[in-house]
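Commentary on secondary and tertiary structure
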Amino acid sequence: MSRAWRLMDTGVRPAAENMALDRALLESCQAGAVNTLRFLRFEPSALIGFHQSASQELDLEYCRREGIAISRRITGGGALYCDQGQIGWELFVGRRTFATADMLAIARQVCGIAVEGLRSVGVDAAFRPRNDIEVAGRKIGGTGGAFDGDALLYQGTVLIDFDVERMLRVLRIPQEKLSDKAIASARERITTLRALLGEDTPSPATVQAAFVEACARGLGVTFEAGDLSASERGLYEQYKAEMARDDWVFETDRPRLEVATASAVRKTAGGLVRVMATVDTARARLKQIFITGDFFIDPRRAIVDLEAALRDVALERVDATIERFFAGRTVEMLLLTPGDLAGVVHEALRTCGIPYERVGV
Amino acid sequence: MASVRGCNIPEDLSYNVDNNVWARREADGTVTVGLTAYACSLAGEIVAYTPKKAGKDIAKDKSCATVESGKWVGPVKTPVTGAVVAVNEAVAGKPGLINKDPYGEGWVVKMKPSDWDGESKSLKTGSAAVAAFEAKMDGEGFKGC
């Protein structure tokens, strides 16, 4: 019988403490500590991904006014808002835990475990490429990871309750630049255990127990409750101060000017198509896109899946991504064609001053 | 140019196989550092790049840059000790260049090495590098680039 993995619940903490624990535990894992599953929760916090810019992603003034902590993760992915209504889960494991070294395959396998955990509390969860956990097309959790040498950290959230309004105010761009329609559509793209299960919503403890069970089954391991080691405690104390400082949070900050918003509306044979997007002009990359309108599409979730597929895609790859998306599934759109959709996306991207040739043809 | 399971492994470069990085001594004495084609294949498309600042001293096997792909963040570990003398502005604007041309335009940093002659002895090159990558891919269940 192999050694039991450590199970840890570090409770509700300020963002900087959770970030410091991530760093301490990943470092400890690389030094040979036992594989660990940690559950964590946050006091109200706005978290950006490792490579993101707080000024670009967040309404800093709003966060400060509302007492929302601003922090930067050691993991990748996008900005998010969290408070006590969500559970964070994370695995600190050696690479050899997985039969593959392919990072996308590892992420997919861990997400599969999270999906099983959610299914066992009664929601029909699924993995949505590239990194979301969703229920019927609506996101119920995001994930991301970090690695150093042979140690991996992969983490995610589960939304039990979620304040969408607050998230929209924290994440600067939709609030200031996008229309009410886009805000309403953002609201349609997220769900929670409470929204799905009502009074049968499980307690955080029940959700966590379901995750432990799913991990044990999915990875063929057992768990034993444990605490930080003395050396982890030392690292944590050191990083706690470091990661609360602006030097860390704003290390990767960039000018707001590098983010442009783009939009277009076009009447097509298949109906009205409205596209709103945010673009990282310095990196020629689509950040986020919303596609709405009165066109017919079946299944309806195909549009949100397309939006997910287009997240963080290089502008030159937008066309190929749309093409591959429709080639890979059966979508009924009556008179609307994938080419029409791509056309409106192009039109939108041109409005933010990106030279047409960089968008691709 | 040698190819291991479809991944280019140029035989004239020096590799730290464990860290999946290469080094090339340039005529001016600097060392160019980058990720291997194998590392790129495991990572998937690289979408962000944050190098250490020019002038910064970095010990061998420590991070000279951080990259992100598929929401994973990880370090690029320099194979030799030295000071960063240049970062790649083209990659900063287009991180996917690392995948597209890992041994050319997609280089990660240029270093002024403090002991190339001593440290490069521990790096693998030529057929020894090719064999080491073959063994690494075998151990990691890798099908091919």
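What you are looking at is a predicted structure, and each value in this text was computed from that prediction instead of being measured. (Residues numbered from 1 in each chain as written. Chains lettered and ligands numbered in written order. Predicted model: local features only at pLDDT ≥ 70, side-chain atom pairs only at ≥ 80, totals over all residues. Heavy atoms only, no water.)

**As for the interface of chain A and chain B**
Between chain A and chain B, the contact holds 35 residues from the first and 25 residues from the second. Inspection of the chain A/chain B interface yields five salt bridges. Residue E45 of chain B is joined to R285 of chain A by a salt bridge in which the shortest nitrogen-to-oxygen separation is 3.4 Å. Here chain A and chain B share 16 residue pairs in polar contact (both at pLDDT 80 or more) between them. Those elements that provide at least two residues to the side of chain A that touches chain B are helix 4 (103-120), strand 9 (138-148) and strand 10 (151-159) of chain A. Its residues placed into classes, the side of chain A that touches chain B shows 15 nonpolar, 12 polar and eight charged. (Contact = heavy atoms within 4.5 Å. Salt bridge = Lys/Arg side-chain N within 4 Å of Asp/Glu carboxyl O. Polar contact = N/O pair within 3.5 Å; in protein donor to acceptor, adjacent residues only side chain to side chain. Helix = DSSP H or I, 4+ residues; strand = E, 2+ residues; numbered from the N terminus. Nonpolar A, V, L, I, M, F, W, Y, C, P; charged D, E, K, R; others polar.)

**What about the layout of surface pockets?**
The gaps left among the atoms become clear once a water-sized probe is rolled over them. Taken as a whole, the second largest pocket encloses approximately 690 Å³ of empty space. R95 and G149 of chain A together with D18, N20 and K136 of chain B are, among the 31 residues lining the second largest pocket, the residues nearest its centre. Elements with a minimum of two residues in the lining of the second largest pocket: helix 4 of chain A together with helix 1 (37-43), strand 8 (63-69), strand 9 (72-77) and helix 5 (126-139) of chain B. For the lining of the second largest pocket, the per-class residue count stands at 15 nonpolar, eight polar and eight charged. (1 Å grid on protein atoms, 1.4 Å probe; cavity = no way out; pocket = protein on both sides within 12 Å on 5 of 7 lines; lining within 4 Å. Points joined across faces, edges and corners; volume = space filled by probe spheres on them.)

**Things to note about the pattern of salt bridges**
A side chain of one charge can pair with a side chain of the opposite charge when the charged atoms of the two come close. Tallied over the full model, the rule gives 34 salt bridges over all chains. For R283 of chain A, the salt bridge is made with D280 of chain A, and the minimal N-O distance between the two is 3.5 Å. In this structure, R283 of chain A and D280 of chain A share a single accessibility class: buried. For the salt bridge of E26 of chain B with R24 of chain B, the shortest nitrogen-to-oxygen distance reads 3.0 Å. Taken together, the salt bridges that share partners define one network made up of R128, D132, E134, K139, R301 and D305 of chain A. (Buried < 20%, exposed > 50% of the residue type's maximum accessible area, 1.4 Å probe, protein only.)

**Comments concerning the sheet that holds strand 11 (residues 109-113) of chain B**
Residue and element names in this part refer to chain B. Overall, antiparallel pairing links the seven strands, which are arranged 7-10-11-5-4-3-12 in an open sheet. Every other strand in the sheet has two partners, leaving strand 7 (57-58) and strand 12 (124-125) as the edge strands with one partner each. Taken together, the two bridges between strand 7 and strand 10 (residues 82-87) define a ladder with antiparallel strand orientation. Bridge pairing in strand 10 links D57 to A83. (Pairing = 2+ DSSP bridges.)

**Description of the sheet that holds strand 13 (residues 271-280) of chain A**
All names here are of chain A. Spatially, the three strands line up as an open sheet ordered 12-13-14, and their pairing is antiparallel. The sheet is open, and its two borders are formed by strand 12 (259-268) and strand 14 (285-293), each paired with just one other strand. If you compare each strand with its neighbour and ignore which way they point, the axes differ by 15 degrees on average. Pairing geometry for strand 12 and strand 13, over 10 bridges, is antiparallel. Residue pairing in the sheet places T268 in a bridge with G271 of strand 13. (Axes fitted to C-alpha atoms, helices over the stretch in contact; angles between N-to-C directions.)

**Focus on the pairing of strand 14 of chain A**
Residue and element names in this part refer to chain A. By the criterion of burial, strand 14 is predominantly enclosed, with seven of the nine residues buried. Sheet analysis places strand 13 next to strand 14, joined by eight bridges and oriented antiparallel. Paired with A277 across the two strands is I289, which belongs to strand 14. Counted between consecutive antiparallel strands, the loop separating strand 13 from strand 14 contains four residues, among which A284 sits at a positive phi close to 50 degrees.

**Points about the domain arrangement of chain A**
Residues and elements named next belong to chain A. The domain boundaries assigned to chain A delineate domain 1 (5-249) and domain 2 (257-359). Contacts between domain 1 and domain 2 engage 17 residues on the former and 20 residues on the latter. Scanning the region where domain 1 abuts domain 2 turns up four salt bridges. Of the charged contacts in the structure, one is a salt bridge between E57 and K287, with a shortest N-O distance of 2.5 Å. On inspection of domain 1 and its partner domain 2, the count reaches six residue pairs in polar contact (both at pLDDT 80 or more). Those elements giving two or more residues to the side of domain 1 that touches domain 2 turn out to be helix 2 (54-57), helix 6 (172-177) and helix 7 (180-188). (Domains from an automatic or database assignment.)

**A short note on the nonpolar core**
L58, L118, V170 and L193 of chain A are the most contacted members of the largest nonpolar core, which totals 89 residues. Of all the elements, helix 4 of chain A adds the most residues to this core, at nine residues. (Core = buried A, V, L, I, M, F, W, Y, C linked by side-chain atoms within 4.5 Å.)

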